[in-house]
Amino acid sequence: ACGALRNLACHNSNNRISFAKVGGIEAVVSTMQRHKDWAMVQEKACGALHSLACHNDNNRIAIAKAGGIEAVVSAMRRHEHVSGVQEQACAALMSLAYRNNANQITITEEGGIKAIVSAMRRNEESVGVQEQACWALKNLACNNCNQTAIAKAGGIEAV
């Protein structure tokens, strides 16, 4: 279901708005919380959150409010050796951090920067992980405090 939602929300702003109105964001986050040990569920759910947050300020706020940032970072920690989870989680954090200072701070407080840098180190051969991680760090670095946190976490060396 999360994979279908991801595909339907991707490049379709009307679907992103509709899914949010009918509780799609809360359903995805709830699915992540209930199925923490299932890597494929986490990967598809992170992809869905990425698509829902992409180009939609209201959805970025709603995802954070629903606990989406915590769920994404938790998925990264729990499935640190699954490159698909890491790639989609980095993509989700990239979208959630885009032009949203509150989310940038929350991502850092939840350990998102460390998780992103760790994903880069563990998945050096994965172009997808490296690309999405770099985009996530770029968006997080728009916050001055995060620039220091990225450097302390080894983000400069990882990039």
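Higher on the page you've got the structure.
Residues numbered from 1 in each chain as written. Predicted model: local features only at pLDDT ≥ 70, side-chain atom pairs only at ≥ 80, totals over all residues. Heavy atoms only, no water.

Further remarks concern the environment of Q42. Topologically, Q42 is positioned in helix 4 (residues 39-53). The class for Q42 is buried, based on a relative accessible area of 2%. Discounting residues that sit within four places of it in the chain, Q42 has contacts with M32, H35, K36, A71, A75, H79 and V85. A polar side-chain atom of Q42 sits 3.0 Å from the main-chain carbonyl oxygen of M32. Side-chain polar atoms of Q42 contact the backbone oxygen of H35, separated by 2.9 Å. (Helix = DSSP H or I, 4+ residues; strand = E, 2+ residues; numbered from the N terminus. Buried < 20%, exposed > 50% of the residue type's maximum accessible area, 1.4 Å probe, protein only. Contact = heavy atoms within 4.5 Å. Polar contact = N/O pair within 3.5 Å; in protein donor to acceptor, adjacent residues only side chain to side chain.)

A complete count under the given rule lists 3 salt bridges for this structure. Where R60 meets D57, a salt bridge forms, and the shortest distance between an N and an O atom there is 2.2 Å. Remark: D57 and R60 occur in helix 5 (residues 57-65); sequence separation between them is 3 residues, near one turn of the helix. The class of R60 is buried, set by a relative accessible area of 2%. Across the salt bridge formed by R122 and E80, the nearest N and O atoms sit 3.3 Å from each other. (Salt bridge = Lys/Arg side-chain N within 4 Å of Asp/Glu carboxyl O.)

The next point concerns the side chain of Q104. With respect to the element layout, Q104 can be found in helix 8 (residues 101-109). The class of Q104 is buried, set by a relative accessible area of 4%. A distance of 2.9 Å separates a polar atom in the side chain of Q104 from the backbone oxygen of A97. At a separation of 3.3 Å, a polar atom in the side chain of Q104 contacts the main-chain carbonyl oxygen of N139. Aside from chain neighbours lying at most four places away, what touches Q104 is A97, R99, N139, L140, C142, N143 and N146.

For the rest of this paragraph, the subject is the packing of helix 6 (residues 68-78) against helix 7 (residues 83-97). As a packed pair, helix 6 and helix 7 sit with axes 9 Å apart at the nearest point and diverge in direction by 155°. Looking at the two axes, helix 6 sits roughly antiparallel to helix 7. Helix-helix and strand crossings are classified by hand; for helix 6 and helix 7 the assignment is left-handed. In this structure, helix 6 contributes I69, V72, V73, A75 and M76 to the contact, and helix 7 contributes V85, Q86, A89, C90, A92, L93 and L96. (Axes fitted to C-alpha atoms, helices over the stretch in contact; angles between N-to-C directions. Parallel < 35°, antiparallel > 145°, perpendicular 65-115°, else oblique. Left-handed = near helix turned anticlockwise from the far one by under 90°.)

Buried within helix 9 (residues 112-122) are the following residues: G112, I113, A115, I116, V117, A119 and M120. Of the surrounding secondary structure, the elements contacted by the buried residues of helix 9 are helix 6, helix 7, helix 8, helix 10 (127-140), helix 11 (144-152) and helix 12 (155-158).

Its location among the elements puts V28 in helix 3 (residues 24-34). Considering only alpha carbons, one finds V28 and C46, 18 residues apart in sequence, at a separation of 8.6 Å.

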